[in-house]
Amino acid sequence: MMRKSILGMILAGGEGSRLSPLTTKRAKPAVPFGGKYRIIDFVLSNFVNSGIHSLFVLTQFRSQSMSEHIINGWNMSSLMKGQFVVPVPAQMQGGDKRWYEGTADAIWQNIHLLQDFTPDLVAVFGGDHIYKMDISQMAKFHAKREALATIAALPIPLEEGSRFGIIQIDEDWRITGFQEKPEHPSEIPGMPGYCLASMGNYVFDSKWLYKTLKADSQNPDSHHDFGHDILPPAVDSGRLYAYNFFENKIPGSDVSKDNYWRDVGTLKSYYDSNMDLKEADPQLDLYGAGWPIHTYNSPLPPAKFVHDEHHPDGRTRVGHATNSIVCDGCIVSGSSVKESILSSEVHVHSFSSVESSIILNSVEIFENCKIKNAIIDKHVILPPGTVIGYDRQADESRFHVVDLCEEEGTWLTVIEKNHSRVSKDTKTTVLTI
């Protein structure tokens, strides 16, 4: 098989309203994840680790934070031609000067990038999911079948099919139809009890893509969306295929584990996916050298745990963390951190406790605070004695609250990055409790 040139185009312009307030001032793919990463780092790492180094990241809503992250952390300046990761803000191309109206329209408005690069294949991937994937294996699957388009797909139980766009296939994984959140999804041939959900990631023949997008741009009745307008009419060609994500193998990974893929589109799913990482044997392993997740690394000192004091009155002042992820620059000072994720430069002061929480960068938690089941965004200071996660009514009166488990009566409290008050000394947010 001839070697194919591949251009990656990552759709990272989504508003991410269901992740609000984490997306109040940043795009969804720019939301921090797993202590030191951003959501966008996972798809970028998948491309780079797959040997695909020509990448355009298409942005739109609240793109400043993500553009800065890409410029600082993904500078692939090299003497080698075709190695780049470039953020591309929406430029309102065309005579009507409009924002992107759909996934296909986002590519069409930037079709000049494809024409300049002239690749054999174009890989169009979303920028807002957490997973590992060798995209070159999908590209080889596509090229071997001389497909016009190949869609990455995830086998899921039939009872979950009504939540997804479902792909219908034959025994050769050739696509025969589509179902949008069907009540009775079609079963995968040879896999009883399972249907096939689209992951929204595509590999296209570049010439076919250009011709099809051009025709779609001239159709006033189109939604300009890949799943709705571009792919269904091509089913009759017999050259549309689905690629089984479960067949994708990551170098050095544990083959006994199912492939991990999470849509972190809601606060609960974002929280649960972060909590997955702190397990002793997580489904998504960030420690394997064979498939690193790259990101921007600040020059910070190591994390520090201080004080081991036991007072006569029974109080203890011990700095420790258990079943947790603690990043560079953190200081856990005579306090307890359990089942939590501390991003960089978090300071937890004495006699405070943090449990089952996600604390983003540069948060300071002062003495005698009790924090449970919370997400605290960047640059927030919690004054002494703050209590979060123990009284729902009190939390709802001050912050954003969503259910974690209705049966257990647990809830998640989210404190947004807030610039309404800035301390003259610390230059960071001071939260009034």
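Residues numbered from 1 in each chain as written. Predicted model: local features only at pLDDT ≥ 70, side-chain atom pairs only at ≥ 80, totals over all residues. Heavy atoms only, no water.

Let's talk about the sheet that holds strand E17 (residues 320-322)
So, step 1. Pairing within the open sheet is parallel, and its five strands lie in the order E17-E20-E23-E26-E29. Because the sheet does not close on itself, it has two edges, and the strands there are E17 and strand E29 (387-388).
So, step 2. Here E17 runs beside strand E20 (residues 336-338); their pairing, made up of three bridges, is parallel. Across the sheet, residue Ala-321 finds its bridge partner in E20, namely Val-337. (Pairing = 2+ DSSP bridges. Helix = DSSP H or I, 4+ residues; strand = E, 2+ residues; numbered from the N terminus.)

Considering empty space enclosed by the protein
Unoccupied space between atoms shows up once a probe the size of one water molecule is rolled over them.
So, step 1. If you walk through the whole model with that rule in mind, you get one cavity of 30 Å³ or more.
So, step 2. Roughly 40 Å³ of internal volume is contained in the largest cavity.
So, step 3. In terms of lining residues, the largest cavity is bounded by Pro-21, Leu-22, Thr-24, Lys-25, Arg-26, Asp-377, Glu-416 and Lys-417. (1 Å grid on protein atoms, 1.4 Å probe; cavity = no way out; pocket = protein on both sides within 12 Å on 5 of 7 lines; lining within 4 Å. Points joined across faces, edges and corners; volume = space filled by probe spheres on them.)

A look at the pairing of strand E6 (residues 121-126)
Both faces of the sheet carry side chains from a regular strand, because those side chains alternate between them.
So, step 1. The buried count for E6 comes to six of six residues, which makes it a mostly enclosed element.
So, step 2. In this sheet, strand E11 (residues 194-205) lies alongside E6 in antiparallel orientation, the contact comprising four bridges. Within E11, the position partnered with Val-124 by the bridge is Tyr-202. (Buried < 20%, exposed > 50% of the residue type's maximum accessible area, 1.4 Å probe, protein only.)

Let's talk about the sheet that holds strand E24 (residues 358-359)
So, step 1. The six strands lie next to each other as E18-E21-E24-E27-E31-E30, forming an open sheet whose pairing is mixed. A strand with exactly one partner marks an edge of an open sheet, and here the two such strands are strand E18 (325-326) and strand E30 (400-405).
So, step 2. The pairing of E18 with strand E21 (residues 341-342) spans two bridges and is parallel. Paired with Val-326 across the strands is Leu-342, a residue of E21.
So, step 3. Contacts from helix H8 (residues 267-277) reach E18, E21, E24, strand E27 (374-376), E30 and strand E31 (410-415), with the element oriented near 60 degrees to E30. (Contact = heavy atoms within 4.5 Å. Axes fitted to C-alpha atoms, helices over the stretch in contact; angles between N-to-C directions.)

Concerning the pattern of salt bridges
So, step 1. Applying the stated rule across the entire model yields 14 salt bridges.
So, step 2. Between Asp-377 and Arg-26 there is a salt bridge, with its nearest N and O atoms 3.0 Å apart. Of the two residues, Asp-377 is situated in the loop between E27 and strand E28 (380-382) and Arg-26 in the loop between strand E1 (6-11) and strand E2 (32-33); the sequence distance between them amounts to 351 residues. Taken individually, Asp-377 and Arg-26 each receive the classification buried, so the pair is uniform in this respect.
So, step 3. A single network of salt bridges, built from pairs that share partners, joins Lys-28, Asp-128 and Asp-263. (Salt bridge = Lys/Arg side-chain N within 4 Å of Asp/Glu carboxyl O.)

Regarding the packing of aromatic side chains
So, step 1. This structure, assessed with the given rule, holds 14 aromatic pairs.
So, step 2. Measuring from centroid to centroid gives 5.8 Å for Tyr-37 and Phe-42, while their planes differ by 65 degrees, and the two rings are edge-to-face. We note that Tyr-37, like Phe-42, is buried.
So, step 3. Relative to Phe-226, the ring of Tyr-202 has its centre 5.3 Å away and its plane inclined at 50 degrees; by these criteria the two rings are tilted. (Phe/Tyr/Trp six-rings, centres within 6.5 Å; stacked < 30°, edge-to-face > 60°.)

Digging into the environment of Glu-101
So, step 1. With respect to the helices and strands, Glu-101 occurs in the loop between strand E5 (84-89) and helix H3 (103-108).
So, step 2. Along the primary structure Glu-101 and Asp-225 are separated by 124 residues, whereas in three dimensions their C-alpha atoms are 8.0 Å apart.
So, step 3. Apart from residues no more than four positions distant in its own chain, Glu-101 is found in contact with His-223 and His-224.

Things to note about the nonpolar core
So, step 1. Among the nonpolar cores identified, the biggest contains 41 residues, and Ile-40, Leu-44, Phe-47, Val-57, Val-85, Phe-125 and Met-133 are the most heavily contacted of them.
So, step 2. Sorting elements by how many residues they give to this core places helix H1 (residues 40-49) first, with five residues.
So, step 3. Among the nonpolar cores identified, the runner-up in size contains 39 residues, and Leu-113, Val-122, Ile-169 and Leu-240 belong to it. (Core = buried A, V, L, I, M, F, W, Y, C linked by side-chain atoms within 4.5 Å.)

Some details on the confidence of the model for the chain
So, step 1. The predicted model of the chain averages 90 in pLDDT, with 93% of residues at 70 or higher.
So, step 2. Within the model, pLDDT remains below 50 along residues 419-428, and this stretch shows 15 contacts once partners closer than five positions in the same chain are excluded. (pLDDT = per-residue confidence, 0-100.)

Structural notes on the state of the cysteines
So, step 1. The full count for this structure, using the stated rule, is zero disulfides.
So, step 2. Unpaired in this structure, Cys-327 has its nearest cysteine sulfur neighbour in Cys-330, at a distance of 6.1 Å.
So, step 3. Given the relative accessible area of 10%, Cys-327 is considered buried. (Disulfide = S-S within 2.5 Å.)

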